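Understanding the architecture of this molecule
Here is what each chain is made of, one letter per residue.
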Amino acid sequence: LVGFRYPSTNVTIPQDTQDQTSINKLIQPGENHTITLHRRQTLFIGKDQGDDITGTRIVSDKPLTVISGHEAGSVPSDGTLEPMAQQIPPTQLWGDTFLIVPFAGHDEGQYIKILTSKDNTQVTYNCMNYNSVHIQNAGKVHQFFVPSDTYCYLEANNSVLVGQFAASPSDNTDGDTTMVLVASLDQYSKSFLFSTLNGTSQDHLNHYISISVPSEYFNPDNILYDGEIIDIEWTAIYDGGNNTIGYGCSFEVSQAIHTVDSKGRLFVMVYGFRVQRAYAYAAGYMFSPEGALGLKFSSDIYTISEED
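These remarks concern the structure in this document. One numbering rule holds for all chains: residues counted from 1, following each sequence as written. Local features are withheld for residues below a pLDDT of 70 in this predicted model, meaning they are given only at 70 or higher, and side-chain atom pairs are given and counted only at 80 or more; totals for whole chains, interfaces and linings count all residues. The side-chain figures draw on all heavy atoms in the structure; neither hydrogens nor water molecules are used.

Next up on the list: the pairing of strand S20 (residues 244-253). Whether a residue is buried, partly exposed or exposed follows from its accessible area with a 1.4 Å probe, protein chains only, as a fraction of its type maximum: under 20%, in between, or over 50%, in that order. A run of H or I in DSSP counts as a helix once it spans at least four residues, and a run of E counts as a strand once it spans at least two, with each numbered from the N terminus. Of all ten residues that make up S20, seven are buried, and the element is covered over most of its length. Judged from the eight bridges that link them, strand S16 (residues 206-214) and S20 form a sheet pairing that is antiparallel. Looking across to S20, one finds that Tyr-208 is bridged to Glu-252. Sheet topology note: the strand S19 (residues 235-238)/S20 ladder contains four bridges and is antiparallel. When DSSP finds at least two bridges between two strands, those strands are taken to pair.

Shown next as structure tokens:
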């Protein structure tokens with residue numbers, strides 16, 4: 001059983017997903033609807049007019065996957081159009097502390113979109129200036145613009161989902177809109193293996209990666225790109241008290257399979273731009289469900305004999 005609650009816009013879905021002749025049902029803002037899906041069945045929820053269905057709550061009694069996006073989205077709404085989609089993690093995997101590194105190779109800036117999981121969420125962020133916003137209800141959104149050269153630190157008192165959107169150009173400048181879900185600091189990992197999107201000679205993309213590292217793990221000599229130390233100037237990221245929380249960098253890469261490795265934790269974002277084209281994705285997350293038990297060992301190496 002899958003239950004839905006729609007907070008802000010009308011949508012239509014089949015009344016009965018097991019009946020191909022089922023008529024659609026209009027679900028208005030604030031209403032609930034429950035349907036049954038069997039193994040390998042899918043359900044499409046959307047709006048023909050492009051209204052934002054952000055904040056739709058989906059509850060299921062068995063595991064499922066949710067992919068959300070837009071077939072021809074624009075951020076802001078008067079820019080060029082581009083398909084975007086991301087797999088949405090369940091709310092127990094959302095986070096509360098984020099480092100945001102701007103897209104390289106894209107001069108239009110970016111929009112940061114914050115989605116709350118609980119009522120009375122206080123979000124603070126420091127980009128060029130310190131800001132604080134109170135979001136009263138779960139499923140609501142706060143969005144703000146960040147210039148193309150600005151790094152941010154963001155934290156919340158409840159778990160939130162943070163999306164980073166490359167702003168749509170108003171003309172044919174290099175780089176269309178795209179999106180990526182930003183990892184919270186507790187989702188950072190030590191090793192990444194990733195590939196750029198393959199393009200043709202007629203559809204050449206300029207590929208980039210962005211790396212963010214918490215201060216406690218930052219040592220440039222221990223961060224390797226394709227096995228080599230990254231020869232680049234890192235940018236410090238500050239909180240509202242002007243304390244250094246982390247560091248970030250971005251640089252162009254070739255169309256190929258690459259690695260980023262570190263002795264500490266970090267996050268890697270992979271993306272590419274060309275005229276009216278773009279893509280972006282996170283190279284990986286290290287998820288630890290809320291409330292999960294963790295094990296810590298006092299030594300890196302243990303010797304175990306057959307009798308143990």
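Turning our attention to the nonpolar core. A general tendency of soluble globular proteins is for nonpolar side chains to be buried together. We define the nonpolar core as a collection of buried residues of types Ala, Val, Leu, Ile, Met, Phe, Trp, Tyr and Cys that are connected through side-chain atoms lying within 4.5 Å of one another. The biggest cluster of nonpolar side chains holds 38 residues, and the ones touching the most others in it are Leu-154 and Val-162. Among the elements of the structure, strand S8 (95-100), strand S9 (110-116), strand S10 (121-126), strand S11 (130-135), strand S12 (141-146), strand S13 (152-166), strand S21 (257-274) and strand S22 (277-282) are those that each provide at least two residues to this core. It is S13 that contributes the most residues to this core, seven residues altogether. Whether two residues touch is decided by their heavy atoms; if any such pair falls within 4.5 Å, the residues are in contact. Aside from chain neighbours lying at most four places away, what touches Val-162 is Phe-98, Ile-100, Ile-112, Lys-113, Ile-114, Leu-154, Val-180, Leu-181 and Val-182. With 19 residues, the next largest nonpolar core counts Leu-205, Ile-230, Leu-266 and Tyr-279 among its residues.

A few words on empty space enclosed by the protein. In this analysis the probe radius is 1.4 Å and the grid spacing 1 Å, with only protein atoms considered; a cavity is a set of points the probe fits into but cannot get out of, a pocket is an open set with protein on both sides within 12 Å along at least five of seven lines, and lining residues have an atom within 4 Å of a point. Grid points are joined across faces, edges and corners, and a volume is the space filled by probe spheres set on the points. Scanning all chains against the criterion turns up one cavity of 30 Å³ or more. Computed from the structure, the largest cavity encloses a volume of approximately 50 Å³. In terms of lining, the largest cavity is formed by Leu-99, Ile-100, Val-101, Gln-164, Val-182, Ser-210, Ile-211, Ser-212, Phe-267 and Met-269. Where the lining of the largest cavity is concerned, the elements lending two or more residues are S8, S16 and S21. Per-element tally for the lining of the largest cavity: the top contributor is S16, with three residues. Put simply, Ala, Val, Leu, Ile, Met, Phe, Trp, Tyr, Cys and Pro go in the nonpolar bin, Asp, Glu, Lys and Arg in the charged bin, and everything else, Gly too, in the polar bin. The residue makeup of the lining of the largest cavity, split by class, is seven nonpolar, three polar and no charged.

Two aromatic rings, drawn from Phe, Tyr or Trp (for Trp, its six-membered ring), form a pair once their centres lie within 6.5 Å of each other, and the interplanar angle then sorts them: stacked below 30 degrees, edge-to-face above 60, tilted otherwise. Scanning the entire structure with this criterion turns up twelve aromatic pairs. Centre to centre, the rings of Tyr-125 and Phe-144 are 3.9 Å apart; their planes meet at 5°, and the pair counts as stacked. Separated by 19 residues along the polypeptide, Tyr-125 in strand S10 and Phe-144 in strand S12 bring together distant segments of the chain. Residue Tyr-125 shares its accessibility class with Phe-144, and that shared class is buried. One aromatic cluster is present, formed by Phe-103, Tyr-208, Tyr-271 and Phe-273 through successive ring pairs.

Empty space among the atoms becomes visible once a probe the size of a water molecule is rolled across them. Of the volumes computed, that of the second largest pocket is approximately 160 Å³. Contributing to the lining of the second largest pocket are 16 residues, with Pro-89, Leu-161, Leu-181, Tyr-285 and Phe-287 lying nearest its centre. Tallied by class, the residues present in the lining of the second largest pocket amount to twelve nonpolar, four polar and no charged.

Its location among the elements puts Arg-57 in strand S5 (residues 57-60). Each C-alpha atom, one on Arg-57 and one on Asn-32, is 9.3 Å from the other, the two residues being 25 residues apart in sequence.

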